[in-house]
Amino acid sequence: MELLVVIRAVSMGFVLLCVSGLWVLPTEGAGRESFSRNSSSSSRPRSVNVGALFTYDSFIGRAAKPAFMAAIDDVNADQSILRRTKLNIVFHDSNCSGFVGTMGALQVMENKVVAAIGPQYSGIGHIISYVANELHVPLLSFAATDPTLSSLQFPYFLRTTQNDYFQMNSIADFVSYFRWREVVAIFVDDEYGRNGISVLGDALAKKRAKISYKAAFTPGADNSSITDVLASVNLMESRIFVVHVNPDSGLNIFSAAKSLGMMGSGYVWIATDWLLTALDSVETMDPKTMDLLQGVVAFRHYIPESNNKRRFKGRWKNLRSKESSGGADGFNSYAMYAYDTVWLVARALEVFFSDGNTVTFSSDPNLRKTNDSNIKLSALNVFNEGERFLQVIHEMNYTGLTGQIEFDSEKNRKNPAYDILNINNRGPQRVGYWSNHTGFSVEPPETLYSKPPNTSAEHQRLNGIIWPGEVTKPPRGWAFPDNGEPLKIGVPHRVSYKNYVSKDNNSLGVKGYCIDIFEAAIQLIPYPVPRTYIVYGDGRRNPSYDNLISEVAANNFDVAVGDVTIVTNRTKFVDFTQPFMESGLVVVAPVKGAKSSPWSFLKPFTVEMWAVTGAFFLFVGAIIWILEHRFNEEFRGPPRRQIITVFWFSFSTMFFSQRENTVSTLGRFVLLIWLFVVLIINSSYTASLTSILTVQQLTSRIEGMDSLIASNEPIGVQDGAFAYKYLVNELNIPPSRIISLKDEEEYLSALQLGPRAGGVAAIVDKFPYIKALLSNSNCKFRTVGPEFTRTGWGFAFQRDSPLAVDMSTAILQLSDEGKLENIRKKWLTYSHECSMQIADTENYQITVQSFWGLFLICGIVWFIVLTLFCWKVIWQCQRLRTEEEGDEVRASEEASSSRAGRSLRAASFKDLIRVVDKRETEIKEMLKLKSSKKLKASQSSGETPLENSLDT
């Protein structure tokens, strides 16, 4: 708050100083109209003054003044607006000067204006806004687009044109649309330029892009100064230029760029709305100027087509000829904004008066203190109803020449939109529109407002653009600077595993697997990349790769090429390409042959598999006994014999040597299914046992990283690699346990000595290195445990380097074409390769999970078969009981009902067991005998009535 008070005091002091010298500047306009103070709130004044402050001799001013005059005439001629009140406009020429503009604002305010229209320039707007705040006069600007003017600091400032906040967001969307990441901002160094570019930087940051360089020049800079600025810009990598300057001198930038060769292919020029304002303001554009702007993309405030707009453009030539005897200037959008601003004030006054308000002014108590001075600031009056009038203006909602005039809570025009135009041989050609509702589209924004907002990337559309140099393909957006410096590539000077990267006397100065991949990727990039390789390290020990990455981050190297592992901490400082090789950490330890076990024949199956298989053998024997007991004499006899038969039959099926024959249909079906299962089990057992007995079994007392951590024995790591920090920082291993080893000889020697003789228990290193190490060790060592990190090797570039993206694309292309594999075979093919992992017998064991499908099928079949068998036995038992109950019906009538029920249930279970135990032939004979007896009884009972009838 104190800062605001200081700023306000300084500004008012500046105003006081200015007024002392230019208090009586002439004023052009309708003159001073005195306001009669009427106590009646319902009466309207005869006239109302409105101020207008802008630069007459400018592209915007030459279009604005005729528009103001036309609007005043139209308002005063319209009987539906301000019926008994005349609207006067008081003009003042700011002459592109903050000093003169401030004086003009004070002189305008002397005329007791209810609103001030202007200023044209944002810099003047900041100063005048303090005056508007003090006198409570709404300040309506039709051309000042500086986003900071909409801040809470200036409550009486209202913008009737578009805010540059939205234009800068549209440019950021344009940059993101073509996937560019860096731009160079060229701007005029005043409030308008600085604040607009500041907003552009914020908007680009949201799109993960940035302004890589800000090139500013003073207002009114000459061609020599502009050329110097552009020459420094041309040394930058980015070729995306955003030009945000004033329309009156902006074309000089492209003239200087043309002379420097910066308007050719590979360059992108994006101009804000100033360029189209300059082009639209000239009826006939010079062909040389159009040739100068070939390929430029420009933004312009979007104004919907309407009948009112077309009629106004038709009146324009006559309107302009009244103001200037010279040639008529062309039509631009600011003329319509100026026209609409006057009408906005008029309509707001109509609402203001209709609500019973009146116009009154009073002295500012803060200015009475200057009565003793020669500076007559007390002539400035406060608009008493200014706050209410500002509220009325803010709430207005109607359609003007520029479209729907409606303001949001931040006093910006609603539904901001821009034309995107591409300048070519035929002049500016529209390639699309931008709005904050839907982003880019090829349809007018007003047709999309009825639809839900959608700014997703897949819905963004623009027509084709012809870029500088008549190129139709979007430029990549960057190039190597024109300062003669090649790409500085840092290469680690290794003393071990030199087939990956090492120093050499060839033309490059280095060689190796990583160098070949980098060179192959460079060849796929569609532009030349000058480069030089710089060896990093002393050649006595492997350099620290973290230090190498720090050199890249510090801009000492542009890129690090080598076996650089992509880890999280490093990605905070540099950008990595797509990995070209997988590289996780593994543990390698000494191994020895495992002793043969007398119980090796049990290893093919797990304990669970043995238990389930044995149980199924017993089940199938019991089921076969149940099904064959009534049919097959081999499954009958004393209980002891039957139990032995079941066990013998069950386990003899393992070798397909069962002696007993199956005669029942259900029994044969069950046996067929079971023999198929036994065949698969036997085959699997044989294969697993063969693998266990024939593959050499190796063991190590270090089983993996967990056992290595728990052992408290020394661990070897490669000198300079990231494994040291990983073990210390991530796994909390004491640094005293970690021993750095220089080369392969030290690795092998330390492993052979072991921890007791001054060596190490194991080595932790990256997978590619371990593969090379094992090939040179006669397979005396093996990796133990799984790979416990998943990383890869990549090339490290400086942050936000566009070359990193192109190199990643090239690496993927090498992989798709099989060239990565060819390079690997060239450098990483070993004459003697060992099996990397220790063979574990558990890998050959067969578990229940491998056979649960077969066991499930067997269970289902057995259940169905037993169900059919039980149903048949119950049916036979029921038939036999029915016959017996018919013979004993009389005897059963003499017994009690309860006793009979219990005896029947007991007899029923006994009969069932008796039927199961009988032979199938006996059951069939019993049923046949019962059926014949029933038939004879039926025949005898049928003859008796016939004979009686004959006797009668």
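Not measured: the values here are computed from a predicted model.

A. Geometry of the overall build of the protein. When helices and strands are counted, the protein shows 29 helices and 34 strands. Across the 952 residues in the protein, those meeting the buried criterion constitute 49%. Within the protein, contacts between residues separated by at least 24 positions form 74% of all contacts whose residues are at least 6 apart in sequence.

B. Looking closely at the pairing of strand β26 (residues 585–590). With five of six residues buried, β26 is to be regarded as a mostly interior element. Examined bridge by bridge, β26 and strand β31 (residues 762–766) share four bridges and lie antiparallel to one another. Looking at β31, one finds that Val587 is bridged to Val764. Here β26 runs beside strand β32 (residues 781–784); their pairing, made up of four bridges, is antiparallel.

C. Structural view of the nonpolar core. Counting 83 residues, the largest nonpolar core has Phe68, Leu87, Val114, Phe142, Phe312, Leu349 and Phe389 as its most contacted members. Every residue in contact with Val114, bar those within four places of it in the chain, is listed here: Val48, Asn49, Val50, Val137, Pro138, Leu349, Val359, Phe361, Phe383 and Phe389. Within the second largest apolar cluster, 52 residues are counted, among which are Tyr513, Cys514, Ile770 and Leu820.

D. Broad picture of the packing of helix α14 (residues 513–524) against helix α25 (residues 819–827). At a minimum axis separation of 10 Å, α14 and α25 run at an interaxial angle of 155 degrees. Comparing the axis directions of α14 and α25 gives the class roughly antiparallel. Remark: the crossing between α14 and α25 carries right-handed chirality. On the side of α14, the interface is formed by Tyr513, Asp516, Ile517 and Ala520, while α25 contributes Leu820, Ile823, Arg824, Lys826 and Trp827.

E. View of the sheet that holds strand β9 (residues 240–244). One open sheet holds the eight strands; their spatial order is β8-β7-β9-β10-β11-β16-β17-β18, and the pairing between them is mixed. Both edges of this open sheet fall to β8 (210–217) and β18 (439–441), since each of them pairs with a single strand only. Neighbour-to-neighbour, the strand axes of the sheet open up by a mean angle of 25 degrees, direction not taken into account. As judged from the four bridges shared by strand β7 (residues 182–188) and β9, these two strands associate in the parallel manner. By the bridge assignment, Ala185 is partnered in β9 with Val242. On top of the sheet, helix α6 (residues 191–206) reaches β7, β8 and β9; it is set at about 165 degrees to β7, its chief contact.

F. Representation of the packing of aromatic side chains within the structure. Applying the stated rule across the entire model yields 51 aromatic pairs. Judged by centre distance (4.9 Å) and plane angle (80 degrees), the ring pair of Tyr177 and Phe178 falls under edge-to-face. Since its relative accessible area comes to 30%, Tyr177 is described here as partly exposed. Overall, Phe178 belongs to the buried group, its relative accessible area being 17%. When the centroid spacing of 5.0 Å and the interplanar angle of 20 degrees are considered together, the rings of Phe178 and Trp180 count as stacked. Using a relative accessible area of 2% as the deciding quantity, one classes Trp180 as buried. Pairwise contacts between aromatic rings join Tyr497, Tyr500, Tyr513, Phe518, Tyr533, Phe580, Tyr747, Tyr769, Trp793 and Phe795 into one cluster. Its end group placed over the ring of Phe59, Arg62 keeps NZ or CZ at 5.3 Å from the ring centre. The residue whose ring lies beneath Lys65 is Tyr56, and the NZ or CZ to ring-centre distance is 4.3 Å.

G. Here's a closer look at a nonpolar patch on the surface. Residues Trp852, Leu856, Ile860, Phe863, Ile864 and Leu868 make up a contiguous nonpolar surface patch of roughly 660 Å² in combined accessible area. Its place among the elements puts Leu868 in helix α26 (residues 852–887). On the basis of relative accessibility, which here comes to 45%, the residue Leu868 falls in the partly exposed class.

H. A look at helix α4 (residues 122–135). With 14 residues, α4 extends 20 Å between its outermost C-alpha atoms, agreeing within 8% with the 20 Å of an ideal straight helix rising 1.5 Å per residue. Ile128 marks the point of greatest bend in α4, at about 30 degrees. Among the residues of α4, Ser122, Ile124, Gly125, His126, Ile128, Ser129, Tyr130, Val131, Ala132, Asn133, Glu134 and Leu135 are the ones counted as buried. Backbone geometry just after α4 places His136 at a positive phi near 60 degrees.

I. A look at the pattern of salt bridges. Under the counting rule described, the total for this entry stands at 27 salt bridges. Residue Arg44 is joined to Glu350 by a salt bridge in which the shortest nitrogen-to-oxygen separation is 3.1 Å. Here Glu350 lies in helix α12 (residues 333–354) and Arg44 lies in the loop between β1 (28–29) and β2 (47–54), a separation of 306 residues in the sequence. Glu350 gets classed as buried once you look at its relative accessible area, which sits at 12%.

Cut-off values and rules
Residues numbered from 1 in each chain as written. Predicted model: local features only at pLDDT ≥ 70, side-chain atom pairs only at ≥ 80, totals over all residues. Heavy atoms only, no water. Helix = DSSP H or I, 4+ residues; strand = E, 2+ residues; numbered from the N terminus. Buried < 20%, exposed > 50% of the residue type's maximum accessible area, 1.4 Å probe, protein only. Contact = heavy atoms within 4.5 Å. Pairing = 2+ DSSP bridges. Core = buried A, V, L, I, M, F, W, Y, C linked by side-chain atoms within 4.5 Å. Axes fitted to C-alpha atoms, helices over the stretch in contact; angles between N-to-C directions. Parallel < 35°, antiparallel > 145°, perpendicular 65-115°, else oblique. Left-handed = near helix turned anticlockwise from the far one by under 90°. Phe/Tyr/Trp six-rings, centres within 6.5 Å; stacked < 30°, edge-to-face > 60°. Lys NZ or Arg CZ within 6 Å of the ring centre and 35° of its normal. Patch = residues over 30% accessible without salt bridge, like charges linked within 9 Å, V, L, I, M, F, W, Y side chains within 5 Å. Areas by Shrake-Rupley, 256 points an atom, 1.4 Å probe, with all protein chains shown as cover. Salt bridge = Lys/Arg side-chain N within 4 Å of Asp/Glu carboxyl O. Expected span 1.5 Å × (residues − 1). Bend = angle between axes of the 7 residues up to and from the residue.

Any functional reading would require information beyond the geometric quantities listed.
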